[in-house]
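# Observations on the three-dimensional arrangement
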Protein chains: 2
Amino acid sequence: MPTPPPTKHVYAFGAKGAEGNATMKHLLGGKGANLAEMTAIGLPVPPGFTITTQTCADYLNTDNKLPDGLEADVRKSVATVEAELGRSFGGAKPLLFSVRSGAAASMPGMMDTILNLGLNPNTAEALAAETNNPRFAYDSFRRFITMYSDVVMGVSRKAFEHMFDDLKQRLNITKDSDVPGPALKELCGQLMSLYRDRTGQDFPTDPWKQLLTAIEAVFRSWNNERAIEYRRLNHIAGLYGTGVNVQAMVFGNLNDDSGTGVGFTRDPSNGENAFFCDVLFNAQGEDVVAGIRTPEDIGALKLRQPKTYQQLLDVRQKLERHYKDMQDIEFTIQSSKLFLLQTRNGKRTGRAAIRIALDMTREGITTKDEALMRIDASSLNQLLHPSFDHNAKRTVLTTGLPASPGAAVGKVAFTPDKAVELAGRGMSTILVRLETSPEDIKGMAASVGILTARGGRTSHAAVVARQMGKCCVTGCSDITINEEEKYFEIGSTRVREEDVISLDGTSGDVMLGSVGTIPARLDDDFATIMRWSDELRTLKVRTNADTGPDAAKAREFGAQGIGLCRTEHMFFAEDRINAMREMILAADDQGRRKALDKLKPMQKGDFVDIFKAMDGLPVTIRLLDPPLHEFLPQGRILQKDVARTIGVSVEMITAATERLHEMNPMLGFRGCRLGIVLPEIYDMQVCAIAEAAIEASKAGVKVHCEVMIPLVGTEEELRRLRRRAETLIAGYKDCPPMMIGTMIEVPRAALIADKIASHADFFSFGTNDLTQMTLAVSRDDAEKSFLREYVARGIYPTDPFATIDREGVGQLIDMACKLGRKVNPKLKLGICGEHGGDPSSIGFCHDTGLDYVSCSPYRVPIARLAAAQAVIRAREKR
Amino acid sequence: MPTPPPTKHVYAFGAKGAEGNATMKHLLGGKGANLAEMTAIGLPVPPGFTITTQTCADYLNTDNKLPDGLEADVRKSVATVEAELGRSFGGAKPLLFSVRSGAAASMPGMMDTILNLGLNPNTAEALAAETNNPRFAYDSFRRFITMYSDVVMGVSRKAFEHMFDDLKQRLNITKDSDVPGPALKELCGQLMSLYRDRTGQDFPTDPWKQLLTAIEAVFRSWNNERAIEYRRLNHIAGLYGTGVNVQAMVFGNLNDDSGTGVGFTRDPSNGENAFFCDVLFNAQGEDVVAGIRTPEDIGALKLRQPKTYQQLLDVRQKLERHYKDMQDIEFTIQSSKLFLLQTRNGKRTGRAAIRIALDMTREGITTKDEALMRIDASSLNQLLHPSFDHNAKRTVLTTGLPASPGAAVGKVAFTPDKAVELAGRGMSTILVRLETSPEDIKGMAASVGILTARGGRTSHAAVVARQMGKCCVTGCSDITINEEEKYFEIGSTRVREEDVISLDGTSGDVMLGSVGTIPARLDDDFATIMRWSDELRTLKVRTNADTGPDAAKAREFGAQGIGLCRTEHMFFAEDRINAMREMILAADDQGRRKALDKLKPMQKGDFVDIFKAMDGLPVTIRLLDPPLHEFLPQGRILQKDVARTIGVSVEMITAATERLHEMNPMLGFRGCRLGIVLPEIYDMQVCAIAEAAIEASKAGVKVHCEVMIPLVGTEEELRRLRRRAETLIAGYKDCPPMMIGTMIEVPRAALIADKIASHADFFSFGTNDLTQMTLAVSRDDAEKSFLREYVARGIYPTDPFATIDREGVGQLIDMACKLGRKVNPKLKLGICGEHGGDPSSIGFCHDTGLDYVSCSPYRVPIARLAAAQAVIRAREKR
């Protein structure tokens, strides 16, 4: 992290220009940086100032003490805005502010916002007089009291909203904007009383006190639970805190010529070059985002205010050409005058990302390289999964807004907890909610699809679902949800919790039961992006596959070989595991050999299939890795069963289980240690590989096989096992040449990689285990104890099992590559841990000079794109 | 390992001088190198030649094929000996050879030896005629057939010896040398028939065939099980194989003016400058070592052959002055002519080592530095343990030969297996045997003392026991052992298996029951060696101690502070563990704090005791390290008990046990991870330390406390925990200054040591865990699976948990020291793993520039000497 200037707390933007710009996101937050940028390029932005993220960090790090000088800076900046607008804060022609959070990474709805700050009984009355609109003035005051109570004092806004609802009911009014001014004024008095009841203090009428306490509250919201959870889920780390944007209010709720809107400059679902925008007249922005009222399409603005509409289209074009990317904007219209309140690069689905990238290049906005960099490689994942079979029978219950594409089939859950529970039991689940809020994030993450009754295509549910790549249908207004009795109804159909439904995120269809799906069809746009990527990248992409069909699938996705074929997976099949158990229970090597003889033809058959699927491409086969106790049956009943089947006593099985039990199996008797102590196992596997290679070759297949010896930590292990394997292979006539190498997964192996390299044709970094050992973290255990906390609190910048820990594990990998290549310049280098499918880690692999990454079949396209992005990024650095 | 010249298989010694010398042990084995050296300095050595250890390695590595050229070299060398002695191999004036193993490290009795090779019916008859002594000739032939069958063909010698015993019984003769020649000749014929029955082949009469097959058998004996086991037990690794010494026979069994002897140039038990030598007339060497006949003291030789005796005394002096060390010799007298067959540095007890080192310096033989280098630092251990209280009541059953000093109390075991079993059940055991053989090694290692009925002070039991530092009484001829019914008798007293006896290895007393012991008294010699060591060494020596008494004990032994005080040991005490459990079971931090409040005064009290014991010296206190589940009760009954005691439900305990269960606790939720996630635990500990420091200071104690944070793997962990601890400490007035540092035990910590060092006042290398993680070896698990095999087969050169793995773990330590000191030149560096008490690892610590090592109290003197030896060794290298 670059160290920011220590003293400048506040960056202004307004008629005199902007102190910040779009590159200063880390210091100003995304919102603040872009407000400055938009001001600078001449877009209409209400004046204001941004308090830096570093100021937030200072505040939080000093037990919530506002830094010296901040208040003075704020007062000075307020004065500037006052001068520009000719209004005064707390004065007779009152200036009001919005106070909004804004971090360097987008965290929509996670932190707090206060609008209409500066109102009190006096300024409200002044505003009413000035605008000649008491309804507007007291509606704004009502909102302010509610938000301030909630955000600053932590009093739930429910009670305040209840009071408003009661009022509307008493007056028999349904539309907020129909409540008359006097009634709202009276309500504001009641709300202030409620405030006193709940907090024991008078509602603060001093606007300066309002402002400073609001700033503090926004600072504190950086560390609220949902913000921490969001950062964890989205791998956001390394930030100082949130910026605070204090900006002059403009009023979408002033009158019917006013309104507020949010939208995307292109369609974030499919990428179409169409303005994707919703507008709500006589309302403030929060009303749209929260999904409380369902907004109208932007067409409504064209009808009502053609000039403003045209102005908005110009802004749309200007922003896209300036940022060279699709934008997500917020604006307000005050008495037909347009104000931009926010712009940022818009979240989008994988499909949309590809379409937008290609279109913008065709439109001359971006270069090919820029286009590739605009696509979040991970989002390609969404394209590779199945969609509904149009020929399958479907019972469409209703159709909502297609908010995020995809085909989801799962059991209904009405609460996030239920969704998490069902997912925990291994079931697909669809979260059904009236509308979603940040508290639902966990449940959304656990679900395959989200269905809401309220909210538009820019509601919370829609935004988050698109970002997560989850299927989502929103605004399904004809369903009624009974949360207490756990069902929802559409017409006469009642769907209960755990009933199965299907959601089509592309059409908006909600269907009863499980609808059949068909595999992904990869369109021309996808193919173009892959072609552009392949032209650029230097890193090869292989796949981790243990069977012929998996290998074939991966090859379709562009895999250039197999980087990891785990032979043990073959032993777990029902027809094999008992032979494996006989081997483990055998008293001596003769007994083991006998059992292994049964396994050999099956292994050989598997290998033949794989060689055929990968004809002409390299295939890395790893010899047996897991500890033997994993193959033994657990539990008395199963043990009895197995004992009968393979004809030994139960006591033999329990004795073996006890003998092989390990306190720390991760650091135990496995990998090449088995190969050294019980050599007949690897002997069998090597022979099966050689025989399969010969058979496949005879059938005309080009075999390039690489035998991988796992868990090597010393030179001697590899030297001896290599020699033994070579001797066996030499015993076969006509065996195609084989490479022999090792996995680098024990820290010691990386440290002595020069010695190991003299016996290895290749290294494949097993970064899952290497991470576990280098960090001393047992992944499965840590996920239920400290790992989440560590990521949430920024002790780990990201989950080290998702993205390579460059500082520690990365250092070892880099060291091993250099040491290894020094001794053996032809040494082939690859990675086969799960990191091989993670874009950031792929960038590391490129920078470190690996030859290939290997990942699961469905991540192959991601890796292809990420490898190209790594080339572009490296060029930019030069 | 230096690469030896590839082709020279054979090094000759004889009248023309020697091709080898004493420095060539690695290539010629110890025996071969010293035969060459003795030849060179003019001692009487029968001529012969040594086949190199590398030749053995080549043989074993090529599936037991004798290397090209070896046979030709052997034939040439035999011709040289024939010429020198005027005899011929297989000829009318027959030349006979001994063929003996000899590795670079002493492995007494582990590998095979064949004497009298070259005999067949013809040469035996020729020898009988030449010496006019058929008894001698056929006795030699009898021995040869027996040994050859055993060693080369693997036919147990029992049947052959039986035949000899039967013959003696038939002739009513007890003394071997009384059996007449003709009977022996007939016996030889019968033995050759037996050979044919057992092997299906004729006994080889061709001496060349005998020689080459014997050489091969000795090669193969390198990998027999007991040799592998011996190397494992004695950490012998990195050798090529065994050398083979082929040497002209001289005959101790020629007549009554002949004999054979073994001995030490000084007393190996107490170090006294007295010739410690046994001799057996009319016998071959094997008879002495095997303990079959009890030999006479060397005084017998003085009486019978005063001239030979004087010659031996001269040899003794010449050897000591030449080798500058006490020697262990073997010699043969043939018709009053002395021949040296072997010399080597003698094994000795720790007490003897000190005495000899000091005496030799006083006698002007060695310098102080040389004296220090002569002492095996580990052997000091023996001096620090208790001896019998002379005031304690003792029932002496009998008195044997005091073969290895010490005081042993334990349960009687009659077999090695039984000894291992008892030791496995945590009991002290004394192995009682008629005599011991290499097969008993395991049982000896498992016992605290060894008692034998036969054998002298140089018998197998005595030599091995001294080397192991175990108490041993041999030659206890008035006990009769009944192995089958599991008892022994002395007079009318019957002692059964598992009865307790006491052995005094200094007096030879065998006592009934358990005799009381008194602590070690360290004599002036010991103090002198320690003073010499302290004058030289630069490395400080601290101790690992968790209580005041342990700390005080260590200080007596010279500890210069505490390097590791494990606070968790304090929690396991009965009055504390339940408060600890309450803490673990608490629902929230309030509950945890309440339980911790109960523990705080106890921790504080412990710390006060320790500060007092270490007045003026540094004390490193490690905050809680182990995973919390270690404190929970296991098993339903105990859980119920605890539930009742602390007033919670059993279900709460089982739920917590389940929640805290980990697949790999070594890589789990422990160390500073607890400190981060449950900060109240470390808070309590830091406060207890601060309050104890204040209390001790007020009592006039000088407190130098170092707070150590364990399992740090990231900069953030240490930064945050340090800041938190500093804040707490700053809250106390009058608290003496505290250092705050960390254990380096996670590989990642070593890799980023520069970053960590910016928040650390010291690093302490926790090499136990660092080794486990760097090598990916769970120590407890590995010891029962592959670790022994790995050491035995030389995959690990030594047990990496006993001696630091320099190549891997050592590299990380070296890296961490350099990175750390670069950022923080004042960084204090130490080691607190068990390696801190291992002499070789201490050498590494000195070389790497650590400030101190820390080890268990009883190893402090060892570390002091080893640290001095490291200085000398480093000087020699310069």
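Quick caveat, the model's predicted, so the values are computed rather than measured.

What counts and how
Residues numbered from 1 in each chain as written. Chains lettered and ligands numbered in written order. Predicted model: local features only at pLDDT ≥ 70, side-chain atom pairs only at ≥ 80, totals over all residues. Heavy atoms only, no water. Helix = DSSP H or I, 4+ residues; strand = E, 2+ residues; numbered from the N terminus. Buried < 20%, exposed > 50% of the residue type's maximum accessible area, 1.4 Å probe, protein only. Contact = heavy atoms within 4.5 Å. Areas by Shrake-Rupley, 256 points an atom, 1.4 Å probe, with all protein chains shown as cover. Lys, Arg positive; Asp, Glu negative; His and termini not counted. Charge placed at Lys NZ, Arg CZ, Asp CG, Glu CD. Expected span 1.5 Å × (residues − 1). Bend = angle between axes of the 7 residues up to and from the residue. Buried area = accessible area lost by both parts, 1.4 Å probe. Salt bridge = Lys/Arg side-chain N within 4 Å of Asp/Glu carboxyl O. Polar contact = N/O pair within 3.5 Å; in protein donor to acceptor, adjacent residues only side chain to side chain. Nonpolar A, V, L, I, M, F, W, Y, C, P; charged D, E, K, R; others polar. Least-squares fit on C-alpha atoms with pLDDT ≥ 70 in both. Pairing = 2+ DSSP bridges. Axes fitted to C-alpha atoms, helices over the stretch in contact; angles between N-to-C directions. Left-handed = near helix turned anticlockwise from the far one by under 90°. Core = buried A, V, L, I, M, F, W, Y, C linked by side-chain atoms within 4.5 Å. Parallel < 35°, antiparallel > 145°, perpendicular 65-115°, else oblique. Phe/Tyr/Trp six-rings, centres within 6.5 Å; stacked < 30°, edge-to-face > 60°. pLDDT = per-residue confidence, 0-100.

In terms of helices and strands, chain A carries 34 helices and 34 strands. Residue burial in chain A is summarised as follows: out of 878 residues, 59% are buried. Taking contacts inside chain A between residues at least 6 apart in sequence as the whole, the part at least 24 apart equals 69%. Accessible area of chain A: about 33,400 Å², with a carbon and sulfur share of 49%. Chain A carries 108 positive and 112 negative side-chain charges, and their two centres are separated by 3 Å.

An α-helical segment advances 3.6 residues per turn. Residues three or four places apart therefore align on the same side. Residue and element names in this part refer to chain A. In this model, helix H21 (residues 589-613) (25 residues) spans 34 Å end to end at C-alpha, consistent with the 36 Å of a helix rising 1.5 Å per residue. Its maximal kink placed at Leu 599, H21 deviates by approximately 35°, while the proline Pro 601 follows within four residues. Residues Arg 592, Ala 595, Leu 596, Leu 599, Gln 603, Asp 606, Phe 607, Val 608, Ile 610, Phe 611 and Ala 613 constitute the buried set of H21. Where H21 is buried, its residues touch helix H19 (548-556), strand S28 (562-566), helix H20 (574-585), strand S29 (618-622), helix H25 (679-698) and strand S30 (704-709).

On the chain B side, the residues contacting the 48 residues of chain A number 48 residues. The junction of chain A with chain B conceals about 4,400 Å² of combined surface from both sides, 56% of it contributed by carbon and sulfur atoms. Area buried by chain A at its contact with chain B is led by A:Leu667, A:Arg748 and A:Leu751, which between them contribute 14% of it. Where chain A packs against chain B, one counts six salt bridges. Between B:Lys755 and A:Glu807 there is a salt bridge; the shortest N-O distance is 2.8 Å. The interface formed by chain A and chain B contains 26 residue pairs in polar contact (both at pLDDT 80 or more). Looking at which element gives the most residues to the side of chain A that touches chain B, the answer is helix H32 (residues 806-823) of chain A, with five residues. In terms of residue class, the side of chain A that touches chain B is built from 22 nonpolar, eleven polar and 15 charged.

Residue and element names in this part refer to chain A. Considering the arrangement of structural elements, one finds Val 707 in strand S30. Overall, the relative accessible area of 2% leaves Val 707 in the buried class. The spacing of Val 707 and Pro 861 is 154 residues in sequence and 26 Å in space, taken between C-alpha atoms.

On to the relation of the copies chain A and chain B, then. The two chain copies are related to each other by a rotation about an axis together with a translation along it. The two copies are related by a screw operation: chain A maps onto chain B through 180° of rotation and 0.0 Å of translation along the axis, at an RMSD of 0.1 Å. Overall, the copies show the geometry of a two-fold rotation axis. The rotation axis passes nearest to the C-alpha of A:Asn664 in chain A, at a distance of 2.2 Å. When the interface residues of chain A are mapped onto chain B, 100% of them are again interface residues, pointing to one common binding face.

Residue and element names in this part refer to chain B. Between its first and last C-alpha, helix H5 (residues 134-153) extends 27 Å over 20 residues, near the 28 Å set by a 1.5 Å rise per residue. With 17 of 20 residues buried, H5 lies mostly within the body of the structure. Once H5 finishes, Gly 154 follows within two positions and takes phi at roughly 70°, a positive value.

Right, let's talk about the sheet that holds strand S25 (residues 509-512) of chain A for a bit. Residue and element names in this part refer to chain A. The mixed open sheet is built from eight strands, whose spatial order is S15-S25-S24-S17-S18-S19-S20-S16. Pairing within the sheet leaves two strands with one partner each, and these edge strands are strand S15 (395-399) and strand S16 (401-404). Averaged over neighbouring strand pairs, the angle between their axes works out to 30° when direction is ignored. Summarising the sheet, S16 and strand S20 (residues 471-474) pair through three bridges and their orientation is antiparallel.

Hydrogen bonds along the backbone pair up the strands of a sheet, which may run parallel or antiparallel. Residues and elements named next belong to chain B. The strand order S2-S1-S3-S6-S4-S5 describes an open sheet built from six strands, whose pairing is antiparallel. In this open sheet, the two strands that pair with only one neighbour each are strand S2 (17-18) and strand S5 (113-117). Two strands pair when backbone bridges link them, and strand S4 (residues 97-103) and S5 are joined in this way by three bridges, in the antiparallel orientation. Note that in S5 the partner of Arg 100 across the bridge is Thr 113.

Residues and elements named next belong to chain B. Tallied over the full model, the rule gives 136 salt bridges over all chains. A salt bridge links Arg 75 to Glu 71; the nearest nitrogen and oxygen atoms lie 3.2 Å apart. Of this pair, Arg 75 and Glu 71 are both found in helix H3 (residues 70-85), four residues apart, which corresponds to roughly one turn of the helix. The class of Arg 75 is partly exposed, set by a relative accessible area of 35%.

The relative placement of two packed helices is expressed as an angle between their axes plus a distance between the axes. Residues and elements named next belong to chain A. Their axes nearest at 8 Å, the elements H21 and H25 cross at an angle of 30°. Considering how the two elements wind past one another, H21 and H25 form a crossing that is right-handed. A class-by-class count of the residues in the contact of H21 with H25 yields 13 nonpolar, two polar and nine charged.

Residues and elements named next belong to chain A. Along the chain, Pro 633 falls in the loop between S29 and helix H22 (636-646). Spatially, the C-alpha atoms of Pro 633 and Arg 581 are 8.8 Å apart, while their sequence positions differ by 52 residues. Each residue touching Pro 633, except ones within four places of it in the same chain, is listed here: Arg 581, Leu 638, Gln 639, Val 642 and Ile 653.

This next bit is on the nonpolar core. Counting residues in hydrophobic clusters, the biggest one holds 282 residues, and the most contacted among them are A:Phe611, A:Phe763, A:Phe765, B:Phe611, B:Phe763 and B:Phe765. With near-sequence residues (within four places) excluded, A:Phe765 lies in contact with A:Ile744, A:Ile813, A:Ala816, A:Cys817, A:Leu829, A:Gly830, A:Ile831, A:Cys832, A:Gly833 and A:Leu850. Core analysis: the second largest hydrophobic core is formed by 82 residues, B:Phe89, B:Val99, B:Tyr148 and B:Ala227 among them.

This part is about the packing of H19(A) against H21(A). Residue and element names in this part refer to chain A. Direction vectors running N to C along H19 and H21 enclose 15°, while the axes themselves pass 8 Å from each other. It follows from the interaxial angle that H19 and H21 lie roughly parallel. Crossing of H19 over H21 shows right-handed handedness. Between H19, through Gly 548, Ala 551, Ala 552 and Arg 555, and H21, the contact on the second element is made entirely by Asp 609, Ile 610 and Ala 613.

So, on to unusual backbone geometry. Phi at A:Ser336 takes a positive value of approximately 70°, unusual for a residue other than glycine. Structurally, A:Ser336 is set in the loop between strand S12 (327-334) and strand S13 (337-345). Located in the positive-phi region is B:Ser335, a residue other than glycine, with phi close to 45°. Within the secondary structure layout, B:Ser335 lies in the loop between strand S10 (327-334) and strand S11 (337-345). According to the relative accessible area criterion, B:Ser335 is partly exposed, its value standing at 37%.

Let us look at the packing of aromatic side chains. Residues and elements named next belong to chain A. Throughout the structure, instances matching the rule amount to 38 aromatic pairs over all chains. Here Phe 49 and Phe 97 contribute two aromatic rings whose centre-to-centre distance is 6.5 Å and whose plane-to-plane angle is 70°, an arrangement assigned as edge-to-face. A residue pair is termed long-range when its members are at least 10 positions apart, and Phe 49 in strand S3 (residues 48-51) and Phe 97 in strand S6 (residues 97-102) qualify at 48 residues. Judged by relative accessible area, Phe 49 falls into the buried class, the value being 0%. Exposure remark for Phe 97: the relative accessible area of 0% places this residue in the buried category.

Residues and elements named next belong to chain A. In this sheet, S25 lies alongside S15 in antiparallel orientation, the contact comprising four bridges. Note on S25: the bridge partner recorded for Val 396 is Met 511. Sheet topology note: the strand S24 (residues 500-504)/S25 ladder contains three bridges and is antiparallel. The partner of Leu 503 across the bridge, within S25, is Val 510. In textbook terms, the turn of a hairpin is the stretch between consecutive antiparallel strands, and for S24 and S25 this stretch comprises four residues, one of which, Gly 508, has a positive phi near 90°.

All names here are of chain A. Averaged over every residue, the pLDDT of chain A is 91; residues scoring 70 or more account for 98%. In the model, residues 1-5 has pLDDT below 50 throughout and makes ten contacts with residues more than four positions away in sequence or in other chains. Predicted as a complex, the structure gets a pTM of 0.82 and an ipTM equal to 0.81.

Let us now look at the side chain of B:Asn664. In this structure, B:Asn664 sits in the loop between helix H24 (650-660) and helix H25 (672-677). Here B:Asn664 falls in the buried class, since its relative accessible area comes to 5%. Apart from the residues within four sequence positions on either side, B:Asn664 is in contact with A:Met663, A:Asn664, A:Pro665, A:Met666, A:Ser778 and A:Asp781.

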